[in-house]
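Residue-level listing of the chains:
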Amino acid sequence: MRPRPSSNLLRLKRAVLSGLIVAILMISTEGFLINTGAHFPTSIDSRWTTSPPLIDGNMTSLEWSDATVVNLTSIPGNKLASYLLVKNDARYLYLCYDAIGDDSFDMLDTASMAFDTDHDGIETAGREDQFIAGFRVYSAHLISDGSGNWTVHDSPVNDSLPNHTGLAVAYGFGQSDFASNVHRIYEFRIPLPLLGVSPGDAIGFLAGSQYFAGVLDYSDFTQSTWPRRFLGPQSLDKFGTLNINAAPDIADLLVDPLEQWNIGEPGTSIDYVFTVMNEGTMAPDVFDFNVSSIWNVTLYDLLLGTPLTDTDSDGLNDTGSLDLGVGKAILARVDIPPTATGSTIALLNVSSSLDLAVHLLGRLYTEIPIARFTPPHNDYGIDLDSPPDGLYDYLRVEISVAVEVSGAYSFEGYLYDQSKTRVIANA
Ligand SMILES: [Ca+2]
Ligand SMILES: [Ca+2]
Ligand SMILES: [Ca+2]
Ligand SMILES: [Ca+2]
């Protein structure tokens, strides 16, 4: 149960009185527009964003460029040139009024909005949220009492209340993406839990509130609203629809590890193991391998021990269909030719069949050692005494080494006792 409104209500009521006076003035100056019709079939799709705006009353370049743009000026009767920008992520709904036509700094410039929670046209006590910014140094969150009255729930908006975490309102005066003149900008960040919605849901929306238009320039009382031009309080059936978009379905993959390195002798094979996982949100996906390597590479299903095949007949061997979030362990066997020298990089381009633009490039670095022992080796004792006393003074060890690159090489040797735990000598 939300706490009852406080003395802010009284202050707001006083404010409302002057607001109503303003409304009356507007009626006389702009003419009365008729509100008819049971509902408005108009809707706004709030775009999914991965770059949340900073709620500071300023619009930095491209801060709102990924938002849905509603040109309020195009609605017949709206007099204040303005845009409504809307976007959301999994936690918040972000809204901005870019009031490009309000270039007068008035303390009573105001923006507001209202939501029909549950999108049901029904006023539920304690629900049906409204938000107001401006009107001197003011911000407020109002709720319905269930019988046509709106009461202040928190003012200034209080993000420490339940479900209010992150609630923020800010307004300022500056330039924007839409106009270089200095003008009013209002920014709102509303937690989705406060509105009772999740991505993919719809909610009733009105650019306006019980007391104010969506955006109002107090200097000449011009204003704009949505879904159409209106004056005064609106019943919930006059609201439009705001669709809270979910994250778009995408194809994605993970290759882990993406790069590996190993050393092997000529004529042998090196096995690399990695996992390919369907990280997308769209659908089961087949991930194809396009292998580029001088040395032969064969791909196996690690668990089955069988070579990968081309399950979707596109000419490339693949993982087979992987469900969302499911991975497959792959073994890549790199054959080092008997005459091989140096090293090679096998490139494995792993691509989604749902979206060919989605791919990762795996790299397997394989090299043969630049110097290696080539048995057999010899060792024997040397007796320096003359005549020989039968006891060796030195142990000579002869080793065979093959090198890939000409140059000086150093060797280090240790002589252990029979238990192989104690070093007797080294060289
Ligand atoms: Ca901002
Ligand atoms: Ca103004
Ligand atoms: Ca409702
Ligand atoms: Ca294939």
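A quick note: this is a predicted structure, and the numbers were derived from the prediction, not measured.

A.B. asks: Looking at this structure, I do not really get the overall build of the protein. What am I missing?
C.D. replies: A count of helical and extended segments in the protein gives two helices and 30 strands. Relative to the compact-globule value of 22 Å for 427 residues, the protein shows a C-alpha radius of gyration of 37 Å, a clear excess of over 25%. Expressed along its principal axes, the backbone C-alpha trace of the protein runs to roughly 130 × 50 × 45 Å. Relative to its full complement of 427 residues, the protein shows a buried share of 33%. Pairs at least 24 residues apart make up 65% of the contacts formed inside the protein by residues separated by at least 6 positions.

A.B. asks: What exactly am I supposed to notice about unusual backbone geometry here?
C.D. replies: Both trends apply: most residues other than glycine have a negative phi, and most peptide bonds are in trans. Across the junction of Trp 226 and Pro 227, the peptide omega takes the value 10°, indicating a cis bond. Tracing the backbone through its elements, the reader meets Pro 227 in the loop between strand E13 (222-224) and strand E14 (240-244). A cis amide bond links Asp 256 with the next residue in sequence, Pro 257, at an omega value of -5°. Residue position: Pro 257 is located in the loop between strand E15 (253-256) and strand E16 (259-263). Even without glycine at this site, Lys 420 takes up a positive phi of about 60°. Its location among the elements puts Lys 420 in the loop between strand E29 (414-416) and strand E30 (423-426). The exposed category is assigned to Lys 420, around which 7 C-beta atoms lie within 10 Å.

A.B. asks: Help me understand the sheet that holds E15 in this model?
C.D. replies: Spatially, five strands are ordered E15-E17-E22-E19-E20 in an open sheet, and the strand pairing comes out antiparallel. Looking at which strands have only one partner, the edges of the open sheet turn out to be E15 and strand E20 (306-307).

A.B. asks: Quick question: what am I supposed to make of the nonpolar core here?
C.D. replies: Considering soluble globular proteins, one finds that nonpolar side chains tend to be buried as a cluster. Membership of the largest hydrophobic core comes to 60 residues, with the highest contact counts inside it found for Leu 84 and Leu 95. Considering each element in turn, this core owes the most residues, seven residues, to strand E4 (residues 92-99). Apart from residues no more than four positions distant in its own chain, Leu 84 is found in contact with Val 70, Leu 72, Leu 95, Tyr 97, Ala 207 and Trp 226. Val 297, Ile 330, Ala 332 and Leu 348 belong to the second largest nonpolar core, which has 20 residues in total.

A.B. asks: Help me understand the pairing of strand E8 (residues 150-154), please; the structure alone is not making it clear to me.
C.D. replies: Working note: regular strand, side chains alternate between the two faces of the sheet. The element E8 is extensively covered by neighbouring structure, given that five of its five residues are classed as buried. Across four bridges, strand E7 (residues 138-144) lies against E8 in antiparallel orientation. Residue pairing for E8: Leu 142 is matched across the bridge by Val 152. Turn length for the E7-E8 hairpin, with the two strands adjacent in sequence and antiparallel, is five residues, and the turn residue Gly 146 shows positive phi of about 90°.

A.B. asks: Mind showing me how you'd approach the environment of Tyr 394 here?
C.D. replies: In this fold, Tyr 394 is placed in strand E27 (residues 394-398). Separated by 14 residues in the primary sequence, Tyr 394 and Tyr 380 have C-alpha atoms spaced 8.5 Å apart. Not counting the four nearest positions on each side in its chain, Tyr 394 is found in contact with Gly 381 and Ile 382.

A.B. asks: What am I meant to see in the domain arrangement of the protein here?
C.D. replies: Reports often express the size of an interface as the amount of accessible area lost when the parts come together. Taken domain by domain, the protein comprises domain 1 (8-244), domain 2 (253-367) and domain 3 (371-426). A separation of 53 Å is found between the C-alpha centroids of domain 1 and domain 2.

Procedures and definitions
Residues numbered from 1 in each chain as written. Chains lettered and ligands numbered in written order. Predicted model: local features only at pLDDT ≥ 70, side-chain atom pairs only at ≥ 80, totals over all residues. Helix = DSSP H or I, 4+ residues; strand = E, 2+ residues; numbered from the N terminus. Rg over C-alpha atoms; globule rule 2.2 N^0.38 Å. Buried ≥ 20, exposed ≤ 12 C-beta atoms within 10 Å, placed from the backbone. Contact = placed C-beta atoms within 7 Å. Pairing = 2+ DSSP bridges. Core = buried A, V, L, I, M, F, W, Y, C linked by C-beta atoms within 7 Å. Domains from an automatic or database assignment.

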